[in-house]
Amino acid sequence: MLAFFENLDRRWIFLLMFLVVAAAILTQVKFPEKPSPMVRNVFRTIEDLPDGSSVLLALDYDPASEGELQPMASAFTRQCAKKKHKLFYITLWAPGVPMIQRSIEILKSEFQEYRYGQDYVNLGYRTGGEGVIKLVTSDLKRLYANDVAGTNLDDIPLTRNLKNIQKMDLIVNVGAGSPGSKEWVQYAATPYNIQMVAGTTGVGAPPLYPYIPNQLAGILGAIKAASEYEQTLLERYPELNENEKAQEAKRRMGPQLVAHMLMIGLIILGNVIHFSQRRREISQ
Amino acid sequence: MKQSTIIWTALMVLGGGFLIIRASTVGMGQAYVRLVQVEPEGSTVSWTDRLGVDPKEQNDADVRLSWPRTIGIWVAALCTLSIFSFLYGDNPLYKLAEAVFVGSSAGYAMAVGFWDGMINILFRNLWPELMRTTFIPGIDETQDANLLFLVPLILGLMMLWRLAPVGGWISRWALAFFIGATAGLRLLAYFQSDFVAQIQNTIIPLAVFFGDGSIDFAQSLKNITIVFGIFVCTVYFFFSVEHKGIVGKVSRVGIWFLMITFGAGFGYTVMGRIALLSGRLEFLFDDWLWLIDPVGKRIGL
């Protein structure tokens, strides 16, 4: 039996993983979530702001990370809209513009009282990475004279008197890499003491932990944290329970669980094979 | 016939047959839009916006089948399957999807970069009147040309000079300026956020007390672990002293801390990859094949 596994073609593992994840998605299995203290911190940071506060939503990711990060961006958008915060969307990634559009579609369909230019604005993308952050913290209109559609910022009520982002009550960054959360901490949150929370991919979460709690109020790491965040949002705003679109990350946790069980099983199996092989070699 | 050829042929025939039956009976992979007339206040210009709607609203009078979005769903689905096929082995479908991805990404980045960098920043500042009458009507009529932007224009042209057959050295001056400016910018940010602020973050009490004077064991343990972990990891990266004796033992503990960190990182990575896989499969099963309907997009169809 062990000899069979020793020479197993890795494509069987791929197929097995595909089947396991596919089965969990097709059966739409869901599990209860218990929000961690970190997730509650992030939630409270937005929730404790007075209604109508100014929030900069920097969505620095592309379609490759959408599966992991869009649920976070959607949850942040819903919570901010519930609190009637003024939203300023911005991205440092060229493919980030359609990602912002997805969040704006939530405002258009679920929060129809939200008016473009009065309650939210889409500043879009500017090339330059951290240089963009450096400029928007000092003189935003030197770089952003107009919004994503070409409308002059002086003609938009929300941005007419906006000099820079230092007066923002909070920066919310959803980032998949560089430029992303780290750069927002380095060039905006730390030097200008602006409160900030971040949502990142699993790979990007560990390097951000040292910034907590002084430079970052909290982070959401990967889909698990996104799922817990959705749960916190549902507990605070129970009317969202009827909105299945507000439970995207929770849906993704079913496949996560079964895939992780399979991974753990394979790691144990791999170790059993390794040690039995070594014992056989020693005995020979 | 080769075994792989038989497998591929069987998969193609079975998959194609399933798609034909599914599309002709239940329906699949269609996208609908609602036509919304936009008339901004105080403006004589109006246009029609196309907002994506769920297929269950397809019978509404102002809802239409969107061919561009429908084709988009099919292309995305077939490209996803083509990329997945690499897990079996390299093949022409994978190569095609890879080439499409690289080409479209490069084209998109170039178009967006040109529009945002050149039109929206450089040309807008150098020739505001021309840009107002052509590409960006929202530019303020009182805006004058900012001749300071001649500097990045000249530096940009110098950078492009490397493509010329002679005088390639000219590009090095522009490159030197760019590297120097970036290094200065980053040095300052790292010093402030990652050096000074990180030292500040490490100066924490090892014994934490509640308001009533009793000790908060959990927080105290957490703080001790942070300080101890930083100390042993710093010792591991301190190479001015040979790692033997007490230094060797401490640095070995540092390795353990680093290994636990890498393990946590690996776990996060696995979670991220599975999330991406389930995101793609959900797209295939929901938006393309209409096998599941988690958000009730097709109720009543």
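These numbers were taken from a predicted model, which means no experiment stands behind them. (Residues numbered from 1 in each chain as written. Chains lettered and ligands numbered in written order. Predicted model: local features only at pLDDT ≥ 70, side-chain atom pairs only at ≥ 80, totals over all residues. Heavy atoms only, no water.)

Caption draft 1: Focus on the overall build of chain B. Along its length, chain B carries eight helices and three strands. Scanning chain B from its N terminus toward the C terminus, one meets helices and strands in the order α-β-β-β-α-α-α-α-α-α-α. Its C-alpha atoms give chain B a radius of gyration of 30 Å, more than 25% over the compact-globule value 19 Å for 301 residues. A separation threshold of at least 6 residues defines the contact pool for chain B, and within that pool the share at least 24 residues apart is 42%. Accessible surface computed for chain B: about 19,800 Å², of which carbon and sulfur atoms make up 72%. (Helix = DSSP H or I, 4+ residues; strand = E, 2+ residues; numbered from the N terminus. Rg over C-alpha atoms; globule rule 2.2 N^0.38 Å. Contact = heavy atoms within 4.5 Å. Areas by Shrake-Rupley, 256 points an atom, 1.4 Å probe, with all protein chains shown as cover.)

Caption draft 2: Seen up close, empty space enclosed by the protein. As enumerated under the stated definition, the model contains one cavity of 30 Å³ or more in all. A volume near 80 Å³ is recorded for the largest cavity. Together, A24, I25, Q28, V29, K30, R251, R252 and P255 of chain A together with S278, E282, I292 and P294 of chain B line the largest cavity. Ranked by residues supplied to the lining of the largest cavity, first place goes to helix 10 (residues 248–283) of chain A with three residues. Of the residues contributing to the lining of the largest cavity, the split by class is six nonpolar, two polar and four charged. (1 Å grid on protein atoms, 1.4 Å probe; cavity = no way out; pocket = protein on both sides within 12 Å on 5 of 7 lines; lining within 4 Å. Points joined across faces, edges and corners; volume = space filled by probe spheres on them. Nonpolar A, V, L, I, M, F, W, Y, C, P; charged D, E, K, R; others polar.)

Caption draft 3: A look at the sheet that holds strand 1 (residues 32–38) of chain B. Residues and elements named next belong to chain B. Strands sit in the order 2-1-3 across an open sheet of three strands; the sheet is antiparallel. Two strands in the sheet have a free side with no partner beyond their single neighbour: strand 2 (47–53) and strand 3 (63–65). Each adjacent strand pair in this sheet contributes to an overall mean axis angle of 40°, direction not counted. Strand direction decides the pairing type here: strand 1 and strand 3, joined by three bridges, are antiparallel. (Pairing = 2+ DSSP bridges. Axes fitted to C-alpha atoms, helices over the stretch in contact; angles between N-to-C directions.)

Caption draft 4: Up close: the domain arrangement of chain B. Per the domain assignment, the segments of chain B are domain 1 (1–29) and domain 2 (204–288). Domain 1 of chain B and domain 2 of chain B are separated by 48 Å when their C-alpha centres are compared. (Domains from an automatic or database assignment.)

Caption draft 5: Seen up close, the pattern of salt bridges. Enumeration according to the criterion identifies 28 salt bridges over all chains in this entry. Residues K83 of chain A and D51 of chain A are paired through a salt bridge, measuring 3.0 Å at the closest nitrogen-oxygen approach. In this pair, K83 of chain A is assigned in the loop between helix 4 (66–82) and strand 2 (86–91) and D51 of chain A in the loop between helix 3 (37–47) and strand 1 (54–60), connecting sequence segments 32 residues apart. A salt bridge links R34 of chain B to E57 of chain B; the nearest nitrogen and oxygen atoms lie 2.4 Å apart. One end of the pair, R34 of chain B, is in strand 1; the other, E57 of chain B, is in the loop between strand 2 and strand 3, with 23 residues separating them in the sequence. According to the relative accessible area criterion, E57 of chain B is partly exposed, its value standing at 22%. Through salt bridges with shared partners, a single ionic network connects E248, R251 and R252 of chain A together with E282 of chain B. (Salt bridge = Lys/Arg side-chain N within 4 Å of Asp/Glu carboxyl O. Buried < 20%, exposed > 50% of the residue type's maximum accessible area, 1.4 Å probe, protein only.)

Caption draft 6: Inspection of the interface of chain A and chain B at higher detail. On the side of chain B, 48 residues touch chain A, which itself brings 59 residues to the contact. Summed over both partners, the interface of chain A with chain B comes to about 4,700 Å²; 62% of that surface belongs to carbon and sulfur atoms. Applying the counting rule to chain A against chain B returns six salt bridges. Residue E282 of chain B is joined to R251 of chain A by a salt bridge in which the shortest nitrogen-to-oxygen separation is 3.1 Å. Across the chain A-chain B interface, the total number found is 19 residue pairs in polar contact (both at pLDDT 80 or more). (Buried area = accessible area lost by both parts, 1.4 Å probe. Polar contact = N/O pair within 3.5 Å; in protein donor to acceptor, adjacent residues only side chain to side chain.)

Caption draft 7: Looking closely at the sheet that holds strand 2 of chain A. Residues and elements named next belong to chain A. Strand order in the open sheet made by the six strands is 3-2-1-4-5-6, with parallel pairing throughout. Of all the strands in the sheet, just strand 3 (120–125) and strand 6 (218–221) have a single pairing partner and so form its edges. For this sheet, the mean angle separating the axes of adjacent strands, direction not counted, is 15°.

Caption draft 8: Here's a closer look at the side chain of E228 of chain A. Residues and elements named next belong to chain A. Note that E228 resides in helix 9 (residues 222–236). For E228, a relative accessible area of 6% gives the class buried. Non-local contacts of E228, meaning those with residues more than four positions away in its chain, are made with E33, K34, P35, S36 and V39.

Caption draft 9: Broad picture of the nonpolar core. One finds F76, L87, Y144, I165, W184, L216 and Y229 of chain A to be the most contacted residues of the largest nonpolar core, which totals 92 residues. Among the nonpolar cores identified, the runner-up in size contains 22 residues, and M17 of chain A together with I73, L277 and L281 of chain B belong to it. (Core = buried A, V, L, I, M, F, W, Y, C linked by side-chain atoms within 4.5 Å.)

Caption draft 10: Region of the structure containing the packing of aromatic side chains. Scanning the model with the defined rule gives 15 aromatic pairs over all chains in all. Through a chain of ring-to-ring contacts, three or more aromatic side chains come together here, namely F111, Y114, Y116 and Y120 of chain A. The lysine or arginine in question, R11 of chain A, covers the ring of Y88 of chain B, its NZ or CZ lying 4.6 Å from the ring centre. (Phe/Tyr/Trp six-rings, centres within 6.5 Å; stacked < 30°, edge-to-face > 60°. Lys NZ or Arg CZ within 6 Å of the ring centre and 35° of its normal.)

Caption draft 11: Inspection of the packing of helix 9 of chain A against helix 10 of chain A at higher detail. All names here are of chain A. At their nearest, the axes of helix 9 and helix 10 sit 8 Å apart, and the two run at 135° to each other. Judged by the inter-axis angle, helix 9 sits oblique to helix 10. In this structure, helix 9 crosses over helix 10, and the sense of that crossing is left-handed. On helix 10, the residues that touch I223, K224, A226, S227, E230, Q231 and L234 of helix 9 are E248, A249, K250, R252, M253 and Q256. A per-class count over the contact of helix 9 with helix 10 returns five nonpolar, three polar and five charged. (Parallel < 35°, antiparallel > 145°, perpendicular 65-115°, else oblique. Left-handed = near helix turned anticlockwise from the far one by under 90°.)

Caption draft 12: Examining unusual backbone geometry more closely. For the bond from S178 of chain A to P179 of chain A, the omega torsion is -5°, close enough to zero to count as cis. With respect to the helices and strands, P179 of chain A occurs in the loop between strand 4 (170–175) and helix 8 (181–192). In this chain, I212 of chain A is followed by P213 of chain A through a cis amide linkage whose omega measures 5°. Locating P213 of chain A in the fold gives a position in the loop between strand 5 (196–200) and strand 6. Backbone geometry places K84 of chain A, a non-glycine residue, at a positive phi of 60°. Locating K84 of chain A in the fold gives a position in the loop between helix 4 and strand 2. A positive phi angle, near 60°, is found at W290 of chain B, a position not held by glycine. Take W290 of chain B: it is sitting in the segment after helix 8 (245–288). Among the residues examined, W290 of chain B registers a relative accessible area of 10% and is labelled buried.

Caption draft 13: Focus on the pairing of strand 1 of chain B. Both strand 1 of chain B and strand 2 of chain B contribute to a ladder of seven bridges, which runs antiparallel. Residue V36 of chain B lies in a different strand from strand 2 of chain B, and its bridge partner there is D49 of chain B.

Caption draft 14: Representation of helix 6 (residues 170–202) of chain B in the model. With 33 residues, helix 6 of chain B extends 47 Å from end C-alpha to end C-alpha; this agrees with the ideal 48 Å at 1.5 Å per step. At F191 of chain B, helix 6 of chain B is deflected by roughly 35°, the largest bend along its length. (Expected span 1.5 Å × (residues − 1). Bend = angle between axes of the 7 residues up to and from the residue.)

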